[in-house]
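This is what each chain is made of:
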Amino acid sequence: MAKNEISHKGVIKSVTPELTTVEIVSTSACAECHAKGMCGMAESKVKEISVPTDPYSDYSPGDEVQVMLKKSMGLKAVWISYVIPLFILMILILSLSSVNVHEVYVGLGAIAGVALYYLLIYLFRNRLANDFVFYIK
């Protein structure tokens, strides 16, 4: 695996001429801990990822594969989902507080601003999906 790629192990669930569906199990860092059964903090989620089908591949359902994504796309996802909303939240809180708006309205305005941002992300999800392309290795 190259240093500029993010990799997850997965199992192929279905293959069509357009898309290959891969099921990956996303686990938390403590899922590997020997005491995970005692503390209850370990968690895992099953996710399905659609990957464009390579016409020259001979994958079939049940095959174990590596699903890859460029590391730069992972960092872009962090910025879109966490960093930018944090900046919006802080800017709204600080600017509304500086003009002596009541604290309740400052909080509601900041939450509304972040909600509007996530609504825009939802509306442009298809355009963003074109940027985040997984591939099988």
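As the structure is a prediction and not an experimental result, all values here were calculated from the model.

Chemist: Just to check I follow, could you spell out the pairing of strand β4 (residues 64-70) for this structure?
Modeler: Inspection of the sheet shows strand β1 (residues 5-15) paired to β4 by 7 bridges, in the antiparallel sense. Across the sheet, the residue bridging to His 8 is Val 67, located in β4. Both β4 and strand β5 (residues 135-136) contribute to a ladder of 2 bridges, which runs antiparallel. Across the sheet, residue Val 67 finds its bridge partner in β5, namely Ile 136.

Chemist: Teacher, can you tell me more about the pattern of salt bridges here?
Modeler: Pairs can form between side chains of opposite charge whenever their charged atoms are close. Inspection of every chain in the model, using the stated rule, returns 3 salt bridges. For the salt bridge of Lys 13 with Glu 23, the shortest nitrogen-to-oxygen distance reads 3.6 Å. Of this pair, Lys 13 sits in strand β1 while Glu 23 sits in strand β2 (residues 19-27); the two residues are 10 residues apart in sequence, bridging distant segments of the chain. Across the pair Asp 131 and Lys 76 runs a salt bridge, and its minimum N-O distance is 3.1 Å. Taken as a pair, Asp 131 in helix α4 (residues 125-131) and Lys 76 in helix α2 (residues 71-98) lie far apart in primary sequence, 55 residues in all. Under the relative-accessibility criterion, Asp 131 is labelled partly exposed at 37%. Residue Lys 76 is classed as partly exposed on the basis of its relative accessible area of 30%.

Chemist: Just to check I follow, could you spell out the nonpolar core for this structure?
Modeler: Across soluble globular proteins, nonpolar side chains show a tendency to be buried alongside one another. Judged by nonpolar contacts, Ile 12, Val 22, Ile 24, Ile 49, Val 51, Val 65, Val 67 and Ile 136 together constitute the single largest core of 8 residues. Residue assignment for this core shows that the elements contributing at least two residues are β2, β3 (44-52) and β4. Excluding residues within four positions of it along the chain, Ile 24 makes contact with His 8, Lys 9, Gly 10, Lys 45, Val 46, Lys 47, Ile 49 and Val 67.

Chemist: Can you walk me through a nonpolar patch on the surface in this structure?
Modeler: Together, Leu 116, Leu 119, Leu 120, Tyr 122, Leu 123 and Phe 124 make up an exposed nonpolar region whose accessible area comes to about 630 Å². Inspection of the secondary structure assignment puts Leu 123 in helix α3 (residues 103-123). Judged by relative accessible area, Leu 123 falls into the exposed class, the value being 55%.

Chemist: Hey, could you run me through α2 in this one?
Modeler: Because each turn of an α-helix spans 3.6 residues, side chains separated by three or four positions end up pointing in the same direction. For α2, with 28 residues, the first-to-last C-alpha span of 39 Å sits near the 40 Å given by 1.5 Å per residue. Among all positions in α2, only Met 73, Gly 74, Ile 80 and Pro 85 are buried. Next to the buried residues of α2 lie β1, β4, α3 and α4.

Rules of the game
Throughout this description, residue numbers start from 1 for each chain and increase along the sequence as written. Thresholds applied to this predicted model are a pLDDT of at least 70 for local features of residues and 80 or more for the giving and counting of side-chain atom pairs; totals over whole chains, interfaces and linings are not thresholded and use all residues. With hydrogens and water stripped out, all remaining heavy atoms of the structure feed into the side-chain values. A strand pair is defined by DSSP finding two or more bridges across the two strands. Numbered from the N terminus, helices here are DSSP runs of H or I no shorter than four residues, and strands are runs of E no shorter than two. A pair is scored as a salt bridge if a Lys or Arg side-chain nitrogen falls within 4 Å of a carboxyl oxygen belonging to Asp or Glu. Note on exposure labels: buried denotes an accessible area under 20% of the residue type's maximum, exposed denotes more than 50%, and partly exposed covers the range between, all computed with a 1.4 Å probe on protein chains only. For this analysis, a nonpolar core means a set of buried residues of the types Ala, Val, Leu, Ile, Met, Phe, Trp, Tyr and Cys, connected via side-chain atoms within 4.5 Å. In what follows, residue pairs with any heavy atoms lying within 4.5 Å of each other are defined as contacts. Each patch is built from residues that are more than 30% exposed by relative accessible area and take part in no salt bridge. Like charges join if they lie within 9 Å; nonpolar side chains (Val, Leu, Ile, Met, Phe, Trp, Tyr) join within 5 Å. Per-residue accessibility takes into account occlusion by the displayed protein chains alone, with areas from the Shrake-Rupley method and a 1.4 Å probe. Here the expected span of a helix is defined as 1.5 Å times the quantity of residues minus one.

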